[in-house]
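Structural overview for review
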Amino acid sequence: MASKKKEAEDYGSGSIKILEGLEAVRKRPGMYIGTTSAAGLHHLVWEIVDNSVDEAMAGFCNRIKVTVHPDNSVTVEDNGRGIPVDKHPVKKIPTLEVVLTILHAGGKFDNNAYKVSGGLHGVGVSVVNALSKRLIAQVKRDGKIYEMQFSRGKTTEKMHEVGKSKTTGTTITFWPDEEIFETTVFNYDTLHDHLQETAFLNKNLKITLTDERELTPRTDEFCYSGGIIDFVKYLNEGKEILPGLSKPIYIEGTSAADAPDEQRGEVEVALQWNSSYTERTMSFANDIYTEEGGMHLEGFRSALTKVINDYGRSHNILKEKDSNLTGDDVREGLTAVLSVKLPDPQFEGQTKAKLGNSYMRTLANRIVSAGMSEYLEEHPNQAKEILKKASQAAKGRLAAQKARQATRRKGLLESAALPGKLADCSVRDAEMTELFIVEGDSAGGSAKMARDRSIQAVLPLRGKILNVERVQEHRALSADTITSLITAIGTGVGPEFNIEKARYHKIVIMTDADVDGAHIRILLLTFFYRYMRPMIEAGYIFVAQPPLYQLKPKGRKNGKYIYTDEELALEASKFEDSSKYTVQRYKGLGEMDPEQLWSTTMEPKNRILLQVTIDDAQAAERAVSDLMGTQVERRKDFIQTHAKDVRFLDI
Ligand code: 0RA
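Counting from 1, residues in each chain are numbered in the order their sequence is written. Only residues with pLDDT of 70 or above have their local features reported here, since the model is predicted, and side-chain atom pairs are shown and tallied only from 80 upward, although totals for entire chains, interfaces and linings are computed over all residues. Neither water nor hydrogens contribute to the side-chain values; these are computed over all heavy atoms in the structure.

1. Brief notes about the overall build of the protein
To be explicit about the condition: Secondary structure follows DSSP: runs of H or I at least 4 residues long count as helices, runs of E at least 2 residues long count as strands, and numbering of each begins at the N terminus. A 1.4 Å probe rolled over the protein chains alone gives each residue an accessible area, and that area as a share of the maximum for its type sets the label: buried under 20%, exposed over 50%, partly exposed in between. Residue contacts are defined here by distance: any two heavy atoms, one from each residue, within 4.5 Å place the two residues in contact. Areas reported here follow the Shrake-Rupley algorithm with a probe of radius 1.4 Å; residue values treat only the protein chains shown as occluding.
Along the protein, the regular secondary structure elements total 20 helices and 24 strands. Taken across its 651 residues, the protein has 51% of its residues classed as buried. Counted over contacts in the protein with a minimum sequence separation of 6, partners at least 24 positions apart contribute 69%. Per element, the accessible surface of the protein, about 30900 Å² overall, is 50% carbon and sulfur.

Now the structure itself:
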């Protein structure tokens, strides 16, 4: 009797502590999930999925299903061992309850070497519980199905049996709390990209994503038998691969068998060069994307540079007179995925996305050096191609240096050397001024007449601008359209880039509403993305939205401007007598007179500008190279999806 009473008391005081813990999460959600914006909302899904991935890494799970339901709840189901349900030796309540209600109780129970959930965001499933207005956990284990329910972290149904099962696994369904989150609507693309990445990083793990919010549910399934090799192939899709390298190079290795626990780790990397001039290396530690790089990346890079130089020298491809290839030279056109696993990752840096464990530099360096020199020795033809590509990069680098020096010298000599076609504004305060980049001389003429010349400058571009994705820097920097753009904007590019020198804080791309206009817009965005990315990040780049139609009652001079096809359809559905209206379609900016161009597209109080942002550098980078590929569809996609994301009413 006495001992039973004691147990009940323990349980009681324990629960109070539990509630205090989860109450803290609700009071300061930002401390646990970073933000309560859309990013924080999706974080809830990553938290649960990471736990399932840990089961997979430990070898007990090979399938994860994520489902978004019509009421914006999410179910994550896995076929792992199932969260233990027996009484917790210390807390004296079911372990399932401990995992869901005690902060940081996530994975303290097993000795799985490497964990995603212990990493950057490893705040535990209990945080998801605290931030959900409702959560149901089901566990299949020991032949039975157990269930437990919660609301805002508080138990609403104690653990009980709800059925029998021959299999094992965990299923968690949660309803994010509107009291906490700015939005509770999940974004399919965000889920898609993250889960696909997780599948690439965990060979043979099958992850399905289903969206039941659509009339016909959308499903994607990700499962890659090649792991990061498939990841690299995917990143290089649509690109021209260096001859002989259609199979990515793959290198893997682990720490020595006698390494102490705190120096243990695994390194794997897949790499493949394409004919472009940009590098795309993604690095991960315990499946967490290390956007800021870190020790593992440093080790990989220094090994790659040294091994390629050594091979070039010893095989007399690099001659005595040649200087060494730089890191940038050997990485030109490289696509690589580097993935390391370690027991206790330290994440540092501004966004805590930089791996700090210094032994990882040594380990990655040793493994990549050994693997890469072996590869080069065994594949002389591929080695020759890689050296050729890097040597061309070195030549290009020297030429670009000269070209940049030339533009700088020009700038010094003729300090007012603005491009001749630029109609500049009179106000000099960049914060107030705008530069309209306009397609073609005739639209340029209209825009020059239409503008408010005190704060609006106009730069007409003749013809298509160069596709900077396809040429080396020195060629881009010697093309007229590009140099006039750079001088007009004033920031310079490359090492000389300085956003403080921007002559305008709004750069507005204004092109026709047709295919050519879309193409020019994409080329300009690519230019800004590759050469002036901080301008996008600062929110300085915009896309103008001219009207597509004018709807006029017959016999009248003025009508209503229509900006989208949806808007036109909506208007048309209200016509009582369609013969009383005419619809004029504007194909180009040139069809509008200056007055119309001003009032519909340029006048600050009426116009709609789309602000171009990069909130997801990864998606943007892929989109930019996609749209330079051959598929017109993808280009259209970029403009449509990205332009929509950045809709911005400028009043
Ligand atoms: C604690 C201990 C063990 C597994 C788990 C938690 C676990 C958590 C989640 C969350 C989602 N899916 C999960 N699967 C497992 C180890 C279990 C054991 O030793 O049997």
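Let us keep going from here.
2. Things to note about the sheet that holds strand S8 (residues 218-222)
Counted only if it meets this: The pairing criterion for strands is at least two bridges between them, as found by DSSP. Lines fitted to C-alpha atoms define the axes, with helix axes restricted to the stretch in contact, and inter-axis angles between N-to-C directions lie between 0 and 180 degrees.
Taken together, 8 strands build an open sheet; the order of strands is S5-S4-S3-S6-S2-S1-S7-S8 and the sheet is mixed. Looking at the sheet topology across the chains shown, the edges are occupied by strand S5 (154-164) and S8. With strand direction ignored, the average angle separating the axes of adjacent strands in the sheet is 10°. Relative to strand S6 (residues 169-176), strand S3 (residues 132-141) is paired through 8 bridges, and the arrangement is antiparallel. Residue pairing for S6: Lys-140 is matched across the bridge by Gly-169. Contacts between helix H3 (residues 38-57) and the sheet are confined to strand S1 (63-68), strand S2 (74-78) and S6, with S6 contributing the most and set at about 175° to the helix. Sitting on the sheet, helix H6 (residues 188-201) touches S1, strand S7 (206-211) and S8, and the angle it makes with S8 is about 20°.

3. Some points on the packing of helix H8 (residues 295-314) against helix H10 (residues 359-378)
Stated formally: Should an angle lie under 35 degrees it is considered roughly parallel, over 145 roughly antiparallel, and from 65 to 115 roughly perpendicular; all remaining angles are considered oblique. Crossing handedness follows the turn of the near helix against the far one: under a right angle anticlockwise gives a left-handed crossing, and clockwise gives a right-handed one.
At their nearest, the axes of H8 and H10 sit 7 Å apart, and the two run at 30° to each other. Regarding the angle of H8 to H10, the classification is roughly parallel. H8 and H10 meet at a crossing whose hand is right-handed. Each of Met-295, His-296, Glu-298, Gly-299, Phe-300, Ser-302, Ala-303, Leu-304, Val-307, Ile-308 and Tyr-311 in H8 lies in contact with H10, whose residues at this interface are Met-360, Arg-361, Ala-364, Asn-365, Val-368, Ser-369, Met-372, Ser-373, Leu-376 and Glu-377.

4. Examining the nonpolar core
Defined as follows: Nonpolar cores are built from buried Ala, Val, Leu, Ile, Met, Phe, Trp, Tyr and Cys residues. Side-chain atoms within 4.5 Å join them into one set.
Ranked by internal contacts, the top residues of the largest apolar core, which has 103 residues, are Phe-174, Leu-271, Trp-273, Phe-300 and Met-372. With 9 residues, H10 is the largest single contributor of residues to this core. When sequence neighbours within four positions are dropped, the list of residues in contact with Leu-271 reads Val-232, Pro-248, Ile-249, Ile-251, Phe-300, Leu-304, Leu-334, Thr-335, Ala-336 and Met-372. Membership of the second largest hydrophobic core comes to 42 residues, among which are Leu-485, Ile-489, Tyr-540 and Val-612.

5. Focus on the environment of Leu-242
Turning to its location among the elements, Leu-242 is positioned in the loop between helix H7 (228-235) and strand S9 (249-254). For Leu-242, a relative accessible area of 9% puts it in the buried group.

6. Topic: the confidence of the model for the protein
Convention followed: Per-residue confidence from the predictor is reported as pLDDT, a score between 0 and 100.
Confidence in the prediction of the protein, expressed as mean pLDDT, is 87, and 87% of residues score 70 or more. Of the regions scoring below 50 in pLDDT, residues 1-13 engages in 5 contacts with residues more than four places distant in sequence or in other chains. Low pLDDT, under 50, characterises residues 629-636; the predicted model gives this stretch 8 contacts beyond four residues in sequence or across chains.

7. Focus on the packing of aromatic side chains
Filter applied, for reference: Pairing of aromatic side chains here covers Phe, Tyr and the six-membered ring of Trp, requires ring centres within 6.5 Å, and sorts the geometry by plane angle: under 30 degrees stacked, over 60 edge-to-face, intermediate tilted.
Inspection of the entire model under this criterion finds 9 aromatic pairs. With 6.4 Å between their ring centres and 80° between their planes, Phe-174 and Phe-186 make a pair best called edge-to-face. With a gap of 12 residues between them, Phe-174 in strand S6 and Phe-186 in the loop between S6 and H6 connect regions that are remote in the sequence. The exposure class of Phe-174 is buried, given its relative accessible area of 0%.

8. Regarding the environment of Thr-582
Structurally, the position occupied by Thr-582 is in strand S22 (residues 581-585). For Thr-582, a relative accessible area of 31% puts it in the partly exposed group. For the pair Thr-582 and Gly-559, spaced 23 residues apart in the sequence, the C-alpha separation amounts to 9.3 Å. Residues in contact with Thr-582, not counting those within four places in the same chain, are Gln-550, Leu-551, Lys-552 and Lys-554.

9. Digging into the sheet that holds strand S20 (residues 549-553)
Strand order in the open sheet formed by 3 strands is S21-S20-S22, and the pairing between neighbours is antiparallel. Of all the strands in the sheet, the pair left with one neighbour each is strand S21 (560-562) and S22. Neighbour-to-neighbour, the strand axes of this sheet turn through a mean angle of 25°, independent of strand direction. As paired strands, S20 and S21 are joined by 3 bridges and run antiparallel to one another. Among the inter-strand pairings, Tyr-549 is bridged to a residue of S21, identified as Ile-562.

10. Brief notes about the pairing of strand S19 (residues 541-544)
Regular strands place their side chains on alternate faces of the sheet. Side-chain alternation along S19 places Ile-541 and Val-543 on one buried face and Phe-542 and Ala-544 on a second face that is also buried. Bridge count between strand S18 (residues 506-510) and S19: 3 bridges; the pairing is parallel. The partner of Val-508 across the bridge, within S19, is Phe-542. Bridging between S19 and strand S23 (residues 608-611) involves 3 bridges; their strand directions are antiparallel. Following the sheet pairing, Val-543 is matched in S23 by Leu-610.

11. Some thoughts on the pattern of salt bridges
Pairing is possible between side chains that carry opposite charge, provided their charged atoms lie close to one another. Applicable threshold: Think of a salt bridge as a Lys or Arg side-chain nitrogen and an Asp or Glu carboxyl oxygen that are within 4 Å of each other.
All chains considered together, the criterion is met by 24 salt bridges. With its nearest N and O atoms 3.1 Å apart, the salt bridge here joins Glu-179 to Arg-26. Pair noted here: Glu-179 is in the loop between S6 and H6 and Arg-26 is in helix H1 (residues 2-27), with a separation of 153 residues, a long-range link. Using a relative accessible area of 15% as the deciding quantity, one classes Arg-26 as buried.

12. Concerning the environment of Phe-181
Tracing the sequence through the fold places Phe-181 in the loop between S6 and H6. For Phe-181, a relative accessible area of 5% corresponds to the buried category. For the pair Phe-181 and Thr-35, spaced 146 residues apart in the sequence, the C-alpha separation amounts to 8.7 Å.

13. Quick word on the pairing of strand S16 (residues 434-439)
The condition that has to hold: Looking down the strands as they point away from you, a crossover is right-handed if its path from the first strand over the helix to the second goes clockwise.
The buried fraction of S16 is high, at 6 of 6 residues. What you see with S16 is no split at all: Glu-434, Phe-436 and Val-438 on one side and Leu-435, Ile-437 and Glu-439 on the other are buried throughout. Strand direction decides the pairing type here: S16 and strand S17 (residues 456-461), joined by 6 bridges, are parallel. Bridge pairing links Val-438 to Pro-460 in S17. Regarding topology, helix H12 (residues 441-450) serves as the crossover connection from S16 to the parallel S17, and that connection is right-handed.

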